[in-house]
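# Notes for the structure review
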Amino acid sequence: MPRPPCTNWHSYSALADWALVRITGPKEADGERRVAVTPKIARRLIESGHSVVVESGLGEAAGFPDRAYLDEGVVVSADPLEGADLILVVGPPPPALAARIREGAALVGFLDPFAADDLIKTLRDRRITAFAMEAIPRTTLAQSMDALSSQASAAGYHAVLLAATATPRFFPMMITAAGTIPPVRLLVLGAGVAGLQAIATARRLGAVVSAYDIRPQVQEQIESLGARFIAAPVDESAAAATGYAKELGDETQRRQQAALAEFVAESDVVITTAQIPGRPAPLLISREMVEQMSPSSVIVDVAAAAGGNCEVTRPGEDVVHEGVLVMGPTDLAGRVAVDASQMYARNVAAFVERITGDEAEFSCDLEDEIVAGACITHEGRVMHPVTRRALEAGQ
Ligand SMILES: NC(=O)c1ccc[n+]([C@@H]2O[C@H](COP(=O)([O-])OP(=O)(O)OC[C@H]3O[C@@H](n4cnc5c(N)ncnc54)[C@H](O)[C@@H]3O)[C@@H](O)[C@H]2O)c1
């Protein structure tokens, strides 16, 4: 039975007589191994009545060859944007790709809306309805779509494995005929999703773990994972009304560094994960603090992409400073691309189901707080207040 024609805001489609959404996964920018559409998720979307097209080679680096997509009924194409209604991506599409998305189509992915750069202007001017996964409200109702959490979890896990292979020490205590080796002392700074996963992973590997966060309410979660909570209070209300940490003033930041210095100095491994949404990462470890650490210590700065929590960090590089290895990986989740993609694709599919619905038609229902929260551009306007302000400030 043919479906009735699409009647809502999105009515154009290569299959316009059918209420069928043509969903596309184009190749990501260089260096991104994750995908937004896995074969399994493609099957789920097809069963909901959509058609799914992916670019040939999309999933190769994530362990999903073209054959795996074809087996699930996906069309594999050299030009997946042709006729695409809904484009699903992991990272912001390169400008050349964004410029080829047809007017009126929709885009879903991590779009870096705080940067409010040329991509946002292109999306606005081309009347593309863009939804940023990082702008989805962090509410219980939206938990299945919370890609920030799923990817932070992957990053926190892998950061500890990086440290474990980079440190010249054993993580667990070793009792051997050649003597007893004490466990590694590992410090986690920032105990959000990534930090808590780092604590859990390090504990499983046998490290003795301490952790700190500016939000005192995380003490219980840290302790429930078997780590010691470090109280290094700063005399400023740290949590904003949203539950997120606030940016600190320079003087408060210096006091925080002074309070943390002794804990950093006595650690063999430090994993830093502190972030403030839309702002540069707070500086928790100064150059002098690195110099107080034992040579052969390791710092993995999970916040490197946002500038880093350590003054020595260089995003995307490993630096040795006075014998201390400071790692600034910016692709941690991508290094566990199979599982990170599986989680991300599930988050995206849950959001697609919210903006499509039972009849597999689009709707951009701005009365829906999740849809409205994630919507960055729509019908030629910038909808997201933070993005709008950033754009105005930059003009
Ligand atoms: N479904 C939900 O309701 C849901 C899901 C995930 C997260 N959240 C909430 O979102 C908030 C942020 O979580 P996230 O994991 O994305 O965090 P994040 O990645 O934004 O930041 C990581 C951690 O860094 C900490 N931090 C920031 N500045 C700091 C500083 N100067 N010193 C030390 N620590 C600092 C933050 O408090 C946070 O715990 C939390 O309140 C969390 O409970 C809610």
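Structure: above.
Notes on the structure in this doc start here. This structure is a prediction, so every number in the text was calculated from the model and none was measured.

Scoring rules and cut-offs
- Residues numbered from 1 in each chain as written.
- Predicted model: local features only at pLDDT ≥ 70, side-chain atom pairs only at ≥ 80, totals over all residues.
- Helix = DSSP H or I, 4+ residues; strand = E, 2+ residues; numbered from the N terminus.
- Rg over C-alpha atoms; globule rule 2.2 N^0.38 Å.
- Buried ≥ 20, exposed ≤ 12 C-beta atoms within 10 Å, placed from the backbone.
- Contact = placed C-beta atoms within 7 Å.
- Axes fitted to C-alpha atoms, helices over the stretch in contact; angles between N-to-C directions.
- Parallel < 35°, antiparallel > 145°, perpendicular 65-115°, else oblique.
- Left-handed = near helix turned anticlockwise from the far one by under 90°.
- Nonpolar A, V, L, I, M, F, W, Y, C, P; charged D, E, K, R; others polar.
- Near = placed C-beta within 6 Å.

This paragraph deals with the overall build of the protein chain. From N to C terminus, the protein chain includes twelve helices and 17 strands. For a compact globule of 395 residues, the expected C-alpha radius of gyration is about 21 Å, and the protein chain comes in at 23 Å, within 12% of that figure. Expressed along its principal axes, the backbone C-alpha trace of the protein chain runs to roughly 75 × 50 × 35 Å. Counting over 395 residues, the protein chain shows a buried share of 46%. In the protein chain, the proportion of contacts linking residues at least 24 apart, taken out of those at least 6 apart, comes to 65%.

To continue, consider the environment of Val298. Structurally, Val298 can be placed in strand 13 (residues 298-301). Looking at Val298, the number of C-beta atoms within 10 Å reads 25, which means it is buried. Separated by 160 residues in the primary sequence, Val298 and Arg138 place their C-alpha atoms 32 Å from one another.

Where helix 1 (residues 39-47) meets helix 10 (residues 337-356), the closest approach of the two axes is 10 Å, and the angle between their N-to-C directions is 15°. Between helix 1 and helix 10, the angle is such that the two are roughly parallel. Crossing of helix 1 over helix 10 shows right-handed handedness. Contact residues: Ile41, Arg44 and Leu45 in helix 1; Ala345, Arg346, Ala349 and Val352 in helix 10. For the contact of helix 1 with helix 10, a count of residues per class yields five nonpolar, no polar and two charged.

Looking now at the packing of helix 5 (residues 147-166) against helix 10. Taken N-terminus to C-terminus, the directions of helix 5 and helix 10 make an angle of 175°; their axes are 9 Å apart at the nearest point. In terms of orientation, helix 5 lies roughly antiparallel with respect to helix 10. Together, Ala147, Ser150, Gln151 and Ala154 of helix 5 and Asp339, Ala340, Met343, Tyr344 and Asn347 of helix 10 make up the contact between the two elements. The residue inventory of the contact of helix 5 with helix 10, partitioned by class, reads five nonpolar, three polar and one charged.

Every one of the 29 residues lining the ligand counts as a neighbour, but Gly190, Gly192, Val193, Ala245 and Ala274 are closest to it. Contributing elements (two or more residues each) for the shell around the ligand: helix 5 and helix 6 (193-204). Partitioning the shell around the ligand into residue classes produces 15 nonpolar, ten polar and four charged.

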